[in-house]
Every structure is written in structure tokens, then in C-alpha cells.
Amino acid sequence: MHEVFINGRHRKVEATWNDFSRARLLQLVPLLYEPARDVVALQLRLLCFLLGLSPAFFAFRLTPVQMTQLVWMTDFLLSESIGLTAQLLPWVRRPRTWRRPLPRKWWGPRASLRNLRFGEFVFADGYFVAYATRQDAGALDKLLAVLYRPQRRGYRPHAADYGGDRREEFNEHLVARRAAQLAGLPEAEKLAVLTWYRGCRDELTEHFPLVFTPAEEAGTATTSWGQVLLELSGGAFGPLDDTARQPARTILAKMEADARRAKELERRAKEQSRTTA
């Protein structure tokens with residue numbers, strides 16, 4: 001957190017995405033995604049939010065030099081890479097309907113998608129890309145339906161057999177119905193989950209660059225995750241269902257290691273060919 005003295009008092013200002021609270025994040029995302037005339041207008045909007053001041057204050061009380069000295073605080077919000085990996089929305093409430101008058105908490109994955117299984121990741125990432133490329137509202141609802149699910153029966157976090165996930169097991173056949181049930185969530189909550197998933201995905205891209213970068217450069221990111229699942233099944237991780245239940249990070253780590261090994265073998269082969277030429 002930054003501490004800024006302005007307008008007669010000290011103000012604590014978020015310095016990273018993970019500094020936000022749930023409430024502050026839900027206030028931020030509509031401002032971030034709302035269209036702006038230009039980058040300067042967006043920076044001013046975000047700076048007003050961070051400092052809790054009105055646009056009029058900046059227009060009439062600050063000089064251009066003072067504005068320049070403050071506007072850098074918005075840089076992390078406008079960076080190409082999203083740094084939000086803390087789970088600030090561990091649950092959402094299923095909206096009320098006449099058939100389901102009582103709201104019910106549905107729970108999401110842990111920070112940095114630590115307990116996301118590879119089978120979930122295959123679907124979640126597909127829906128994320130569909131929304132990012134086509135702005136398909138239905139894909140965003142399905143992304144939420146993959147990530148957020150009711151609490152599992154017999155949830156006992158201190159039991160010896162606790163598996164690390166509060167949610168029901170993922171079932172691809174329930175995604176469409178549950179997406180319809182979550183369609184009425186506030187837009188701010190949907191955008192907050194989208195932003196968080198993007199931040200976690202950016203972190204995965206950083207940790208496993210050889211897995212993500214080639215596919216994204218070719219314009220085929222995530223379209224082959226299902227094929228990856230098929231190719232890996234029957235090997236070290238067991239049959240298809242067992243492979244799908246493996247932690248996503250475990251599968252990605254193996255893919256990264258295999259890619260590094262392949263690059264090393266390719267490098268050695270090239271060196272050997274130059275030596276024998």
C-alpha cells in the first residue's frame with residue numbers, strides 16, 4: 001500500500017491488485033471496463049477512485065505537474081499483465097428466482113487457482129478465450145459456472161481426508177444449467193471474477209512460458225487443451241478421468257518440463273550436426 005498526504009489528510013492507496021478488498025475490487029472493475037475517451041481520461045477516473053477524490057478536485061486544485069506526480073499510481077491497473085491472484089471473491093450468491101427464492105453461496109477456487117483440476121481448466125480456459133475474443137456473455141456465465149460450485153457434502157476442512165477443495169466435484173454436464181442460474185449475478189461480480197481469472201492465467205503464463213507462449217503466438221491458445229488431455233491420458237497420470245482430476249499446475253509443470261527437455265535435445269542435435277559437418 002502507498003500512503004499519500006493530499007487534501008489535508010493521509011490516505012492509504014492500493015499499490016498492487018492484491019491490495020484490494022472484495023468491496024473495493026467490486027467498485028473498481030466497472031470503472032476499469034467502462035469506455036473512456038482516451039487513456040488520460042481513464043487514468044483520471046482510476047486516480048479519483050484510488051484517492052477517493054472527485055474529478056473536480058483534480059481539475060481545480062491540482063496543477064498539471066502535481067497530476068503527473070500522482071498519475072503513476074494507476075500504472076499497475078493499466079498494465080498488460082494483470083497482477084490479481086489473491087482470491088477476493090471466495091464465494092458468490094446464486095441470484096434469487098421464483099423457483100429458488102433463497103440465495104445460496106457457491107464457492108470458487110483458491111488463490112492462484114491452486115486447487116483447480118485440469119479437467120476444469122480445459123473448460124474454464126475455453127470459455128475465458130471465447131469471452132475475451134468475442135465478448136460472448138454466455139461464455140462468461142459458463143466460466144463462472146465452471147469455477148464456482150456449491151459446497152460439497154460432508155465438507156470438513158480439518159479432517160484427515162480433506163482434499164483441499166470446498167466445492168463439489170466438477171461435472172461438465174451441469175455447466176449450462178448452472179450458467180443460467182448465475183446469469184443474474186451483478187455485472188461487477190462477473191467482471192471481478194473475469195479479471196481475477198485473467199490475473200491467475202497471467203501468472204501461469206509466467207511460470208510455464210513454453211506451454212502458453214507457442215500456442216498464443218500461433219493464435220491457437222487453449223483450443224488444444226482438450227487434445228492435451230487426450231494425449232496425456234493413459235500415461236503417467238492414468239486413464240482419462242484420472243488425468244482430468246490432476247491439479248492443473250501439475251499437468252502444466254509436466255508439459256513445461258517436457259518442452260524444456262525437447263528444446264535441449266534439439267539444441268544438442270544442432271550442435272552435433274555442426275560438429276560433424
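Please read all numbers here as calculations on a predicted model, not as lab measurements.

*Asks:* Can you tell me about the packing of helix α6 (residues 118-134) against helix α7 (residues 137-147), naming the residues and giving the values?
*Replies:* In contact at an axis separation of 8 Å, α6 and α7 are set at 155° when each is read in the N-to-C sense. The angle between α6 and α7 places the two elements in the roughly antiparallel class. Crossing of α6 over α7 shows left-handed handedness. Seen from α6, the contacting residues are Glu120, Phe123, Ala124, Tyr127, Phe128, Ala130 and Tyr131; seen from α7, they are Ala137, Ala139, Leu140, Lys142, Leu143, Val146 and Leu147. Classifying every residue of the contact of α6 with α7 by side-chain character gives twelve nonpolar, no polar and two charged.

*Asks:* So what's going on with helix α11 (residues 225-232)? Which residues, and what values?
*Replies:* All of the buried residues in α11 are Trp225, Val228, Leu229 and Leu232. Each buried residue of α11 lies within a common arc of 100° when the element is viewed along its axis, so the set occupies one face. More than 90 degrees from the buried face of α11, the exposed residues found are Leu230 and Glu231.

*Asks:* Please provide a residue-by-residue account of the packing of aromatic side chains, values included.
*Replies:* Enumeration according to the criterion identifies ten aromatic pairs in this entry. Between the aromatic rings of Phe123 and Phe170, the centroid separation amounts to 5.5 Å while the plane-to-plane angle is 55°, which identifies the pairing as tilted. Of the two residues, Phe123 is situated in helix α6 and Phe170 in the loop between α7 and α8 (175-182); the sequence distance between them amounts to 47 residues. A relative accessible area of 25% places Phe123 in the partly exposed class. Classification of Phe170 as partly exposed rests on a relative accessible area of 22%. Members of the aromatic cluster, connected to one another through ring pairs, are Trp17, Phe20, Phe49 and Phe76. A cation over a ring is seen here: Arg166 above Trp107, with NZ or CZ 3.6 Å from the ring centre. Sitting over the ring of Trp106, Arg178 keeps its end group 5.6 Å from the ring centre.

Criteria and thresholds
Per chain, the residues get numbers from 1 upward, laid out in the order the sequence is written. In view of the model being predicted, local features appear only for residues whose pLDDT reaches at least 70, and side-chain atom pairs are presented and counted only at 80 or more, with totals across whole chains, interfaces and linings using the full set of residues. The side-chain quantities take in all heavy atoms of the structure and omit both hydrogens and water. Note on geometry: axes are lines fitted to C-alpha atoms, helical ones only across the stretch in contact, with angles between N-to-C directions running from 0 to 180 degrees. Secondary structure is summarised from DSSP: a helix means a run of H or I of at least four residues, a strand means a run of E of at least two, and numbering begins at the N terminus for each. We call two directions roughly parallel when the angle between them is under 35 degrees, roughly antiparallel when it is over 145, roughly perpendicular when it lies between 65 and 115, and oblique otherwise. Crossings are classed by handedness, with left-handed meaning an anticlockwise turn of the near helix from the far one by less than a right angle and right-handed meaning a clockwise turn. In what follows, residue pairs with any heavy atoms lying within 4.5 Å of each other are defined as contacts. Each residue is assigned to one of three groups, with Ala, Val, Leu, Ile, Met, Phe, Trp, Tyr, Cys and Pro labelled nonpolar, Asp, Glu, Lys and Arg labelled charged, and all others, Gly among them, labelled polar. In this scheme, a residue with accessible area under 20% of its type's maximum is buried, one over 50% is exposed, and one in between is partly exposed, where area comes from a 1.4 Å probe on protein chains only. Note that the arc is computed from the directions linking the helix axis to the C-beta atoms. The pairing test for Phe, Tyr and Trp rings, Trp by its six-membered ring, is centres within 6.5 Å, and the orientation test on the planes gives stacked under 30 degrees, edge-to-face over 60, and tilted for anything in between. Placement of a charge over a ring requires the Lys NZ or Arg CZ to be within 6 Å of the ring centre, with the centre-to-atom vector within 35 degrees of the ring normal.

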